[in-house]
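Chains, contacts and geometry: an overview
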Amino acid sequence: MKARSAIVYSVLRLLTFLVPFGILMLFPIMREYYWLAAIFAALIGLSLSVLFLRKPLDDVTSGLAERRAKARAGASDEEAEDAAADAAAPDGDASPPAR
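Presented here is an overview of the structure given in this document. Computed from a predicted structure; not experimentally measured.

Here we look at the packing of aromatic side chains
Applying the stated criterion across every chain yields a total of two aromatic pairs. The interplanar angle of 15° and the centroid separation of 5.6 Å between the aromatic rings of Phe17 and Phe21 together place this pair among those described as stacked. Placement of the pair is Phe17 and Phe21 together in helix α1 (residues 3-24), with a separation of four residues, close to one helical turn. Judged by its relative accessible area of 28%, Phe17 falls in the partly exposed class. Of the residues examined, Phe21 reaches a relative accessible area of 23% and is grouped as partly exposed.

Structure, rendered in structure tokens:
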């Protein structure tokens, strides 16, 4: 994941909340009911981010998906155990002992 895309998305999400909150706080009634201004700003910010921040969100999620795919592409525990068992076999025979 590119850190730049995550930072850009985070800053844009903060701005979609802070800008409406600042505008709402300019109204005298909202200064008294700041919690109501915060609720309205959160709803406005959520709406704006759904409408306008789809591309930055896609960049962040694709970066996370690539990172997860790389982690899964590495050797799994079972493969590592099989390789260790093969290396420890005395005559190169990887078959397990009969029970």
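The discussion continues.
Section: the packing of α1 against helix α4 (residues 54-73)
Relative orientation and spacing of two packed helices are given, respectively, by the angle between their axes and the distance between those axes. One way to put it is that α1 packs onto α4 with a least axis distance of 9 Å and a crossing angle of 145°. Classified by chirality, the crossing of α4 by α1 is left-handed. Across the interface between the two elements, Ser5, Ala6, Tyr9 and Leu12 from α1 touch Pro56, Leu57, Asp59 and Val60 from α4.

Side note on the side chain of Ser5
Considering the arrangement of structural elements, one finds Ser5 in helix α1. Residue classification places Ser5 among the buried positions, given a relative accessible area of 14%. If sequence neighbours within four positions are ignored, Ser5 has contacts with Asp59 and Val60.

As for the packing of α1 against helix α3 (residues 34-52)
Here α1 crosses α3 at 140°, and the two axes come no closer than 8 Å. By the angle between their directions, the pair α1 and α3 is classed as oblique. By crossing handedness, the relation of α1 to α3 is classed as right-handed. Within the contact between the two elements, α1 uses Arg13, Thr16, Phe17, Pro20, Phe21 and Leu24 and α3 uses Tyr34, Ala37, Ala38, Phe40, Ala41, Ala42, Ile44, Gly45, Leu48 and Ser49. Here the residues of the contact of α1 with α3 are counted per class, giving twelve nonpolar, three polar and one charged.

Observations concerning the pattern of salt bridges
Enumeration according to the criterion identifies one salt bridge in this entry. Linking Asp59 and Lys55 is a salt bridge whose minimum nitrogen-to-oxygen distance equals 3.3 Å. Placement of the pair is Asp59 and Lys55 together in helix α4, with a separation of four residues, close to one helical turn.

Calculation rules
- Residues numbered from 1 in each chain as written.
- Predicted model: local features only at pLDDT ≥ 70, side-chain atom pairs only at ≥ 80, totals over all residues.
- Heavy atoms only, no water.
- Phe/Tyr/Trp six-rings, centres within 6.5 Å; stacked < 30°, edge-to-face > 60°.
- Helix = DSSP H or I, 4+ residues; strand = E, 2+ residues; numbered from the N terminus.
- Buried < 20%, exposed > 50% of the residue type's maximum accessible area, 1.4 Å probe, protein only.
- Axes fitted to C-alpha atoms, helices over the stretch in contact; angles between N-to-C directions.
- Left-handed = near helix turned anticlockwise from the far one by under 90°.
- Contact = heavy atoms within 4.5 Å.
- Parallel < 35°, antiparallel > 145°, perpendicular 65-115°, else oblique.
- Nonpolar A, V, L, I, M, F, W, Y, C, P; charged D, E, K, R; others polar.
- Salt bridge = Lys/Arg side-chain N within 4 Å of Asp/Glu carboxyl O.

Honestly, that's just the spatial picture; any functional story needs more than this.
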